[in-house]
Amino acid sequence: GSAICNRRNLWVARNDLQGAMQDQERFMHLGRELGMVGWEYFAEHNMGELLYQAGSVEAATPHIARAIELERHHPEMAPRPWGLLLQARSLAYTGREQQASALLGDIRGTLKQSGAEFTPSEEVIFCAVELLTRDASAQEWDALLARSSEFSVEQEPLEVLELRGLAWLRRGEHAEAEHILEEALRRAETMPNLMRDRLRRSLERARLHPAA
């Protein structure tokens, strides 16, 4: 089961979302057969994240909801609220900043109650969502991008860049948004990821409103 779960990285490197999803579903069913609820939790979270990274937010939603349900009922499986953070990422990406901001408050409360702390890479993602939910300064984003360069793992650097681009886009700064989304797409050509099509769509939205 663990080998099947970890094969996700191979499918991501091959840009094969279907292969990754099939393995996670098999991993989840093995967990159910063995009575290992932790496997179901990680499979649901992974499926939600894979679909979110591919830009299929609607398809990701039930997996994220199930992961949150499991981590609330079985906190011993999730020392940090990964499902809640994934939902906040999804809300921020789709423009529901107020809901994402409220969820960040729940995440802070959960961490305080448990005494846990996010890893540096998780903290970068949390902060990216937080900056997107308010009118953050360019200096704050620059500092976060520097931290992302040091700590972000797997596809996270692309996500942080895209969220920065979306922040500019939602403020009407289309030229700046286009520039950083182009940078994200360039980086996507050099690393394993499922985000290329999603990044292209974000870039296309920025290009619909060229600078005057």
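Computed from a predicted structure; not experimentally measured. (Residues numbered from 1 in each chain as written. Predicted model: local features only at pLDDT ≥ 70, side-chain atom pairs only at ≥ 80, totals over all residues. Heavy atoms only, no water.)

In this section: the packing of aromatic side chains. Considering all chains together, one arrives at five aromatic pairs under this definition. When the centroid spacing of 5.1 Å and the interplanar angle of 65° are considered together, the rings of tyrosine 41 and phenylalanine 42 count as edge-to-face. Taking 5.9 Å as the distance between ring centres and 45° as the angle between the ring planes, the aromatic pair formed by phenylalanine 118 and phenylalanine 126 counts as tilted. The class for phenylalanine 126 is buried, based on a relative accessible area of 7%. Counting every residue linked through ring pairs, the aromatic cluster contains Tyr41, Phe42 and Trp82. The ring of tyrosine 52 carries the charged tip of arginine 198 above its face, separated from the ring centre by 4.4 Å. (Phe/Tyr/Trp six-rings, centres within 6.5 Å; stacked < 30°, edge-to-face > 60°. Buried < 20%, exposed > 50% of the residue type's maximum accessible area, 1.4 Å probe, protein only. Lys NZ or Arg CZ within 6 Å of the ring centre and 35° of its normal.)

The subject of this paragraph is unusual backbone geometry. For asparagine 15, which is not a glycine, the phi torsion comes out positive at approximately 55°. Of note, asparagine 15 is situated in the loop between helix H2 (8–13) and helix H3 (17–34). Owing to a relative accessible area of 43%, asparagine 15 belongs among the partly exposed residues under this scheme. We note that glutamate 154 has phi near 50°; this positive angle belongs to a residue other than glycine. (Helix = DSSP H or I, 4+ residues; strand = E, 2+ residues; numbered from the N terminus.)

What follows covers the side chain of glutamine 155. Its place among the elements puts glutamine 155 in the loop between helix H9 (138–151) and helix H10 (156–170). A relative accessible area of 4% places glutamine 155 in the buried class. Ignoring anything within four residues of it in the chain, the contact list for glutamine 155 reads Val12, Gln53, Met191, Pro192, Asn193, Leu194 and Met195. (Contact = heavy atoms within 4.5 Å.)

Note on placement: aspartate 23 falls in helix H3. For aspartate 23, a relative accessible area of 6% gives the class buried. For aspartate 23, the residues in contact, after removing those within four places along its chain, are Ile4, Arg7 and Trp11.

So, on to the packing of helix H6 (residues 82–93) against H10. As a packed pair, H6 and H10 sit with axes 10 Å apart at the nearest point and diverge in direction by 35°. Across the interface between the two elements, Arg89, Ala92 and Tyr93 of H6 pack against Glu159, Glu162, Leu163, Leu166 and Arg170 of H10. Among the residues making up the contact of H6 with H10, the classes are represented as four nonpolar, no polar and four charged. (Axes fitted to C-alpha atoms, helices over the stretch in contact; angles between N-to-C directions. Nonpolar A, V, L, I, M, F, W, Y, C, P; charged D, E, K, R; others polar.)

Evaluation of the coordinates by the stated rule reveals 20 salt bridges. Note that glutamate 159 is salt-bridged to arginine 89, the shortest N-O span being 2.8 Å. Here glutamate 159, found in helix H10, pairs with arginine 89, found in helix H6; they are 70 residues apart in sequence, far enough to count as distant. Each member of the pair, glutamate 159 as well as arginine 89, carries the same accessibility label: buried. With its nearest N and O atoms 2.6 Å apart, the salt bridge here joins glutamate 130 to arginine 134. On the basis of relative accessibility, which here comes to 19%, the residue glutamate 130 falls in the buried class. Where salt bridges share partners, they join Arg32, Glu40, Arg66 and Glu69 into one cluster. (Salt bridge = Lys/Arg side-chain N within 4 Å of Asp/Glu carboxyl O.)

The next point concerns the nonpolar core. Ranked by internal contacts, the top residues of the largest apolar core, which has 63 residues, are Ile107, Val129, Trp141, Leu144, Val160, Leu163 and Leu199. With sequence-adjacent residues up to four places away left out, valine 160 is seen in contact with Val124, Ile125, Ala128, Trp141, Leu144, Leu145, Ser148 and Ser152. Among the nonpolar cores identified, the runner-up in size contains six residues, and Ala67, Leu70, Met77 and Ala78 belong to it. (Core = buried A, V, L, I, M, F, W, Y, C linked by side-chain atoms within 4.5 Å.)

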